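The residues making up each chain are set out below.
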Amino acid sequence: MSDDPLFPAPVARALADYRALRDAHGPCWGEPPISYVAQAWATVFLDRRYTYWNAARRQLAERYSPEEIEQHLHEVDPERVVRDALAGDVLDNLAALRLTPGGVALEADRQVVLGAEPFRTSLLLDSATDEPVTVVVDGTPYEVPPRGARIVPLEREVSVDGREVDLSPLCRRAEAATIRVRAGFPCRWSVTGANGQGWYPEGAPPKRDAHRNPYFHGDDLVVAVPAEPITVTVTRGMEYTTSEVTLTPKAGAETLVELAPERLYDAAARGWYGGDLHVHLNWMGEEPAAPALAAAAQHGEDLHVLNLVAGNVASGRVYDAEALAHWAGEDLPWSDERHLARIGVEYRNDVVGHVSAFGLRQPPRRYHTGFEGTADWPPNTVALEELRALGGLTGYGHPFHTAFADDDPPDVVLDSGRDCAAREIVADAALGLIDTLDVLNHSSVQATASVYRRLIGAGNRLAVTAGTDAVLSFCRRGTASSPPGWERVYANVAGPLTAESYAEAILLGRTFATTGPWLELAVNGHGPGDTLELAPGQRVEIVLTSVGPEVESLEIRTADGVLAQGPPGRLTATMEAGEPTYVVGVASGGPHPRALHGAGAYAHTSPVYVDVAGAHVAREADVRWCLAWLDRLEVVLREFGTFESAAQLDDHLEVYERARDVYRARLP
């Protein structure tokens, strides 16, 4: 294995360790069961139709007041949460054995099995009885508490009170056929039966995206399928359309399916390269992932830049630290002139936020604080200084999770304990220690965009970026199991694509982030990252253009709000220079097959800055909003932070005070 450039010995040993953890503990790999670890386990069975957190809160309402619930989310029974969230539904990977006072009933979404292959699934043991019930599954007895639930693996047999349960509703046998899928270049494929069941090449993990579509990557691949009607779909990331064909392959024969997607736009031809700055190779999950899976995904999505990040979950173990140590400062082996892959870091603290770093020359000394009861110390500023010194481009990922409107006070996004929100960013931005904000992320994009515009309106220079937080070791977990690059930050690169040229373009603010649409902004011919020096009263012409069927509306915004709004395609406006400001473009749309974010389609540019009479934008309302944020952050840190001494808390407060000095200096 050490001779394989994609699978060096340290990485191979780490992957073997991850498989052992998965085999011993299931998809959470033995991580401490804090709230988002329990949610990760449960969402292997749930999709976006079924809300985990709502069911969890209903369960906790049996024991706690509404004010106490958020601080006890780690105490839920996740198996009951899955049962309650499903509310009687069954899934293709989770059958249900209903245990009632009148008997038992097996309910399932019947699956197709080829020939004599074994059928394995998970089984929800759902009790409606007031007494414990013992169910024997494949020889192992499981006790289900009164009105409780258990989820167990199933392959062969089930019995209750010595009576065997008829498992015929689980599956049916079908004759086998094979298809060979070919596009002439790497793509993302989806092969589905009439019941929505996915079919995959041998060895490919059974991936499903946030729309529950099965998928795999590559070209010229053989797939075993039933000799029944199937649908083959192919695409290649957001720059391509989707092509589809339905066929009935012949039993016992191989059928060639030649199908290719068409280009919707070609960003690289215009000097723009799209990247995903926050992707995990391994971070819990059903199938530990080797680097070859990342290579196939990047090329199959035509993702120009991939930043894999090493990071912990809820313990001290840092997943893929071995890969970082081996490849730090190097392009990963599958990189070429159009596809660049690096491995960096997600530095994590659940109170003040998670930071990603791209382009590190070597591993950092520290990867996280505040886990397993350790102190939330030092502040993220210390990590940011180290990551910057190691050559890293730094940005806050999955920043905000609470719905937030442009005019809301900071309290709205600062009231939920240890929820991974990017709370320290208001201080780090003022101190010049953070480069970007992932306005496009898996959580609340609208909230993040609102905070972002407050930050740049207050005089901070931050580039818009995107990080999906996709996890290649998950197969079925909403956006986490969606392919990397389902959101991207496009950067206008000068010259050939390298880690340095891409990072430089982002640092200069020459970016837009998107769920799929192409979005282009020009202010008097100048694009994002540029600064226009204007005299009072001077007029500028603004043009915003979009490409993509999912766009429903365009907006041109300044520090004062929406300047112009209109339908997709092209939007123009004029503006007379008054106070210093910025100009950004926004595209939006509702749910769409091309948009894997639950909120729908979205794209947002970095600003074109408009200086007037030599003054840079520092809108008083935004500066005071940032000061109010820092005041509220002190309260949150005192309530939810863990410290071993008053001096550790004081180190955080000193950071906030330095940031206040910066903001106060920007006030009139």
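Residues numbered from 1 in each chain as written. Predicted model: local features only at pLDDT ≥ 70, side-chain atom pairs only at ≥ 80, totals over all residues. Heavy atoms only, no water.

A closer look at the side chain of Arg 342
Quick note on the threshold: Runs of E in the DSSP output that reach at least two residues are strands. Runs of H or I that reach at least four are helices, and both are numbered from the N terminus. Polar contacts, as used here, are pairs of N or O atoms within 3.5 Å; protein pairs need one atom able to donate a hydrogen and one able to accept it. Residues neighboring in sequence count only if both atoms are side-chain atoms. Two residues qualify as a contact provided that any one of their heavy atoms is within 4.5 Å of a heavy atom in the partner residue.
For Arg 342, the position within the fold is in strand S22 (residues 340-349). Reaching out from Arg 342, the side chain makes a polar contact with the backbone oxygen of Glu 330 at a distance of 3.1 Å. Aside from chain neighbours lying at most four places away, what touches Arg 342 is Leu 306, Asn 307, Leu 308, Gly 329, Glu 330, Asp 331, Leu 332, Phe 358, Gly 359, Leu 360, Ala 499 and Glu 500.

Comments concerning the sheet that holds strand S5 (residues 133-137)
The strands making up a sheet associate through hydrogen bonds between their backbones, and the pairing can be parallel or antiparallel. Defined as follows: Only when DSSP finds a minimum of two bridges between them are two strands counted as paired.
Ordered in space as S6-S5-S8-S9, the four strands form an open sheet in which the pairing is antiparallel. The sheet is open, and its two borders are formed by strand S6 (140-144) and strand S9 (163-164), each paired with just one other strand. Judged from the five bridges that link them, S5 and S6 form a sheet pairing that is antiparallel. In the sheet register, Val 136 faces S6, and the bridge partner there is Pro 141.

What about the nonpolar core?
We count it as follows: For this analysis, a nonpolar core means a set of buried residues of the types Ala, Val, Leu, Ile, Met, Phe, Trp, Tyr and Cys, connected via side-chain atoms within 4.5 Å. The buried label applies to any residue whose accessible area, calculated with a 1.4 Å probe on protein chains only, is under 20% of its type's maximum; exposed applies above 50%, and partly exposed to all values in between.
Ile 425, Tyr 502 and Tyr 663 are the most contacted members of the largest nonpolar core, which has 149 residues in total. By residue number, the principal contributor to this core is helix H11 (residues 620-640), which donates 10 residues. If near-sequence neighbours (up to four positions away) are discounted, Ile 425 is found in contact with Tyr 396, Phe 400, Ile 434, Leu 437, Leu 455 and Leu 462. Residues Leu 521, Ala 577, Val 608 and Val 610 belong to the second largest nonpolar core, which totals 29 residues.

Considering the environment of Arg 453
Along the chain, Arg 453 falls in helix H9 (residues 445-457). With relative accessibility at 7%, the residue Arg 453 sits in the buried group. Separated by 154 residues in sequence, Arg 453 and Pro 607 place their C-alpha atoms 9.3 Å apart. Once you skip the residues sitting within four places of it in the chain, Arg 453 turns out to touch Asp 406, Arg 557, Tyr 582, Val 584, Val 586, Tyr 602, His 604 and Asp 622. Among the polar contacts made by the side chain of Arg 453, one reaches the side chain of Asp 406 at a distance of 3.3 Å.

What to know about unusual backbone geometry
Cis geometry marks the peptide bond from Trp 377 to Pro 378; its omega dihedral reads 5°. Mapping Pro 378 onto the fold places it in the loop between strand S23 (353-358) and helix H7 (380-389). Although it is not a glycine, Asn 524 sits at a positive phi angle of roughly 50°. Judged by relative accessible area, which is 36%, Asn 524 ranks as partly exposed.

So, the pairing of strand S26 (residues 463-466)
Selection criterion: Every crossover in which the path from the first strand over the helix to the second runs clockwise, viewed with the strands pointing away from the viewer, is termed right-handed.
Residues Ala 463 and Thr 465 of S26 are buried on one face, and the alternating residues Val 464 and Ala 466, pointing to the opposite face, are buried as well. Alignment of strand S25 (residues 436-440) against S26, held across four bridges, turns out to be parallel. From the neighbouring strand, Leu 440 faces S26, where its bridge partner is Ala 466. With H9 bridging S25 and the parallel S26, this β-α-β connection has right-handed handedness.

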